[in-house]
Amino acid sequence: RAAMGSLGVPNEAEALSVDARQELDLRVGVAFTRFQTRYFQGKYGNLDASVVSYGPCQTPTLNFCVERHQAIISFQPEPFWVVRPHVSKAGSKLDLEWDRGRLFDQEVATVYATMVREAKRLRVVDVTEKEERRHRPSGLNTVELLKVASASLGIGPAQAMATAERLYTQGYLSYPRTESSAYPPNSDLTATCALLQRHPLYGDYASSLLSKGTINTPAGGTNAGDHPPITPCASASEAEIGGGDAWRIYDYVVRHFLGSVSPDAVFKKTKACFQAAGEVFYAHGAMAQKPGFTAIMPWKAIQSEPLPKLVEGEFLDIKEVELHQGKTSAPDYLTEAELIGQMEKHGIGTDASIPTHINNIVERNYVKIESGRRVVPTELGITLIRGYQLIDPELCKPQVRAHVEQQIALVAANKADKSSVVLHTLQQFQAKFLFFVAKIGRADALFEASFSPLSSSGKPLSKCGKCRRFMKLISSRPMRLFCNTCEEVYNLPQGGSIKLYKGLTCPLDDFELVLYSLSGVDGKTYPLCPYCYNCPPFEGVGKGGADGAARTGMPCTTCPHPTCPHSVARTGVMPCPDCSMGGTLVLDPVSAPKWRLDCNRCNFLVYLPPNLHSVKVSRKAQCEECCSHLLELDWRKGHSPLKGEETQYTGCVVCDDLLRDKCEVKHGRTWVKRGGGGRGRGRGRGRGRGRGRGRDKNFDPKMSFEAF
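Notes on the structure in this doc start here. This is a predicted model, so every value here is computed, not measured. (Residues numbered from 1 in each chain as written. Predicted model: local features only at pLDDT ≥ 70, side-chain atom pairs only at ≥ 80, totals over all residues. Heavy atoms only, no water.)

1. Quick notes on the overall build of the protein
Stage number 1. Scanning the protein from terminus to terminus reveals 18 helices and 27 strands.
Stage number 2. At 38 Å, the protein has a C-alpha radius of gyration far larger than the 27 Å of a compact globule built from 708 residues.
Stage number 3. Overall size of the protein, expressed as C-alpha extent along the three principal axes, is 120 × 75 × 45 Å.
Stage number 4. Within the protein, the proportion of its 708 residues that are buried is 47%.
Stage number 5. Long-range contacts, defined as pairs at least 24 residues apart, comprise 63% of the intrachain contacts of the protein with a sequence gap of at least 6.
Stage number 6. Taking the average place of the 88 positive charges on the side chains of the protein and the average place of its 74 negative ones, the gap between the two points comes to 8 Å. (Helix = DSSP H or I, 4+ residues; strand = E, 2+ residues; numbered from the N terminus. Rg over C-alpha atoms; globule rule 2.2 N^0.38 Å. Buried < 20%, exposed > 50% of the residue type's maximum accessible area, 1.4 Å probe, protein only. Contact = heavy atoms within 4.5 Å. Lys, Arg positive; Asp, Glu negative; His and termini not counted. Charge placed at Lys NZ, Arg CZ, Asp CG, Glu CD.)

Shown next as structure tokens:
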């Protein structure tokens, strides 16, 4: 009545700011949503989403859930130790808290436990008692109602909001969409409390408040200037409300209101300090004295756990000293209540739109609500956010919305023209949109690894060095490895086949190596580390494409790591004589029984003598003439060309006559085989070890280091 009697002129600037927000959200959301939906639904048939939507509020909301998911999968538990002495007084066991908390060094923790154990007694150093208060709650606003409905009542935000609005239209509750938690000065709290005097559940409590005259406006809270906090408007029984969610919402609103006008809860807190061998321990106790508002809100009551009578200076015998071992645990997925808190903290949505945003990401199949009202992102939601993070991380950060709100606030304050703000903000988003379209291949690489029209896409192959879980080989072009845990895509060389390489791992990043093979008799084969291939750890080595397309990366045959057994430093023999790209001939480790050397840059191949049982590159000896590494050869018994049927031989593939005559070159300009000439001279330990030094007119300079 008072409001109707003092009508004023609407604030045009605030109305224009609302129009600006609606226009920006609509135009930005439609542009990104239309492009994403058409692009991804045109390629993948199992997205399980009618629309792949984007929204300045919806997407940051999803990002909160995915960031928590990423924190969970990347978490590495750490063991810790806590010293726990067991003592009791008057038959009551004391739960002691170590002043140091927990230690992550077992040896140090063991030393402390031994010191306390040898002390045998705990001395009471100090006992303090003080009266504390648990303050009554402020008025109930929409966000707090949604949090409680999700966390305590098991009702989702959208359902809770719809139920509260229905109770409002039926006359049981006040308007449920409010940001205010402070009662206005003209609120008649006594009259509202009097409505409940005859209620079968709350009547006695409401009457006691009225009779004692203790109804006071609670301190604190925020007056947003919109609507007063949510309060009951009528007394109704469960049967009248209709039971179910409606009754539980009504019951909580009534109890919260009565609690907000009740006295504070008062309790006595006791803290005892103990000492043994210089180590300090604490015991805490509490005893309720005046229940206050917790009488009507029992879930907030203080649990009475008094300490036994302790006197400063007395000693307590230690029965046992436990060195408790535990492990740090990963955070859990966000609950709906926690997600609402994050949205409120970062200004994502309003009290009226928060349920809508959460409901949207559920309906879009971006998240699922699991037990405990936990919000768990789906593969689609994770992949979509990972795509934004690869292209433009700002698209999924709350700063996007904060930027929009800053611009709109200028319109509401009449400091900027609405058209200018809308045009300026749209130009900024247009630049982001064009960049997103140009780089969509980065997100597409993730989608292609996660979704496929086929019933089954990919198969587990090798373990990821980050999470130690199996990565899936996506054999469809472009071939790649995908870690479902880390949501990472690793490009692979194309046109061949990939298989696990003996279960060996890269010493740099602990990724399992895979073996790449080209088809055909003369197809090249080499091992590679998926991570090093995409992110070469050494300068001057080619990298994988950042846009998701395959590029020349760093296989093991070009890795300069000095100690890795698979690197060119350990398997390289000599510079390639037929290569203009500075290649090196390396030993193909899986070419048996037709052992060969492959150039790590071009298609030049050198087939070694036949019937070899094994071949190794000697790291201890080099050719004195050409400086190439010698090869340690072992022929199969009965097939050795050496004198006396010796099977082992060490020689230079360039300078040794015996070896050069029996080698064959393919896929390159051939070098002329020697016909006659000098013989190789044996040297070194063992059977038939030798180096050839002979030369004649048929010497091929391509097989010499003189020209390099």
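Having put the structure on the table, let's press on.
2. Brief notes about the sheet that holds strand β6 (residues 279-290)
Stage number 1. One open sheet holds the 5 strands; their spatial order is β3-β6-β5-β4-β7, and the pairing between them is antiparallel. Each edge of the open sheet carries a strand with a single partner, namely β3 (97-98) and β7 (315-317).
Stage number 2. Each of β3, β4 (121-134), β5 (265-276) and β6 touches helix α3 (residues 106-119); the most contacted strand, β6, lies at about 75° to it. (Pairing = 2+ DSSP bridges. Axes fitted to C-alpha atoms, helices over the stretch in contact; angles between N-to-C directions.)

3. Here we look at a negative patch on the surface
Stage number 1. On the surface, Asp95, Glu97, Asp99 and Glu305 cluster together into a patch of negative charge.
Stage number 2. Looking at the element boundaries, Asp95 is found in the loop between β2 (92-94) and β3. (Patch = residues over 30% accessible without salt bridge, like charges linked within 9 Å, V, L, I, M, F, W, Y side chains within 5 Å. Areas by Shrake-Rupley, 256 points an atom, 1.4 Å probe, with all protein chains shown as cover. Salt bridge = Lys/Arg side-chain N within 4 Å of Asp/Glu carboxyl O.)

4. Side note on the nonpolar core
Stage number 1. Among the nonpolar cores identified, the biggest contains 88 residues, and Ile249, Tyr250 and Leu258 are the most heavily contacted of them.
Stage number 2. Looking at which element gives the most residues to this core, the answer is helix α9 (residues 244-260), with 9 residues.
Stage number 3. Core analysis: the second largest hydrophobic core is formed by 31 residues, Leu587, Trp635, Cys652 and Cys655 among them. (Core = buried A, V, L, I, M, F, W, Y, C linked by side-chain atoms within 4.5 Å.)

5. Remarks on the pairing of strand β14 (residues 488-491)
Stage number 1. Here strand β13 (residues 480-483) runs beside β14; their pairing, made up of 4 bridges, is antiparallel. Across the sheet, the residue bridging to Cys483 is Glu488, located in β14.
Stage number 2. Hairpin connection from β13 to β14: 4 residues lie between these consecutive antiparallel strands, with Glu487 at a positive phi of about 55°.

6. Thoughts on unusual backbone geometry
Stage number 1. Cis geometry marks the peptide bond from Ala592 to Pro593, where omega comes out at 5°.
Stage number 2. Relative to the helices and strands, Pro593 is located in the loop between β19 (584-587) and β20 (596-599).
Stage number 3. Although it is not a glycine, Asn365 adopts a positive phi angle of roughly 65°.
Stage number 4. On the secondary structure map, Asn365 appears in the loop between α11 (354-363) and β9 (367-370).
Stage number 5. Overall, the relative accessible area of 13% leaves Asn365 in the buried class.
Stage number 6. Of note in this structure, Asp510 is not a glycine but carries a positive phi near 70°.

7. A word on the packing of aromatic side chains
Stage number 1. What the rule picks out here adds up to 22 aromatic pairs.
Stage number 2. With 6.0 Å between their ring centres and 80° between their planes, Phe35 and Phe436 make a pair best called edge-to-face. Note that Phe35 is positioned in helix α1 (residues 12-41) and Phe436 in helix α14 (residues 418-438), a separation of 401 residues in sequence.
Stage number 3. Through successive ring pairs, a cluster of aromatic residues spans Phe32, Phe35, Tyr39, Phe40, Tyr54, Tyr388, Phe433, Phe436, Phe447 and Phe451.
Stage number 4. The side chain of Arg102 reaches across the aromatic face of Phe80, ending 4.6 Å from its centre.
Stage number 5. The ring centre of Tyr282 lies 4.6 Å from the NZ or CZ of Lys271, which sits over that ring. (Phe/Tyr/Trp six-rings, centres within 6.5 Å; stacked < 30°, edge-to-face > 60°. Lys NZ or Arg CZ within 6 Å of the ring centre and 35° of its normal.)

8. Observations concerning the pattern of salt bridges
Stage number 1. Scanning the entire structure with this criterion turns up 25 salt bridges.
Stage number 2. As a salt-bridge pair, Lys432 and Glu394 come within 2.6 Å of each other at their nearest N and O atoms. With Lys432 in helix α14 and Glu394 in the loop between α12 (379-391) and α13 (398-412), this pair connects stretches of sequence that are 38 residues apart.
Stage number 3. Judged by its relative accessible area of 47%, Glu394 falls in the partly exposed class.

9. Describing the environment of Cys464
Stage number 1. Within the element layout of this structure, Cys464 appears in the loop between β11 (459-463) and β12 (470-474).
Stage number 2. For the pair Cys464 and Pro530, spaced 66 residues apart in the sequence, the C-alpha separation amounts to 8.7 Å.

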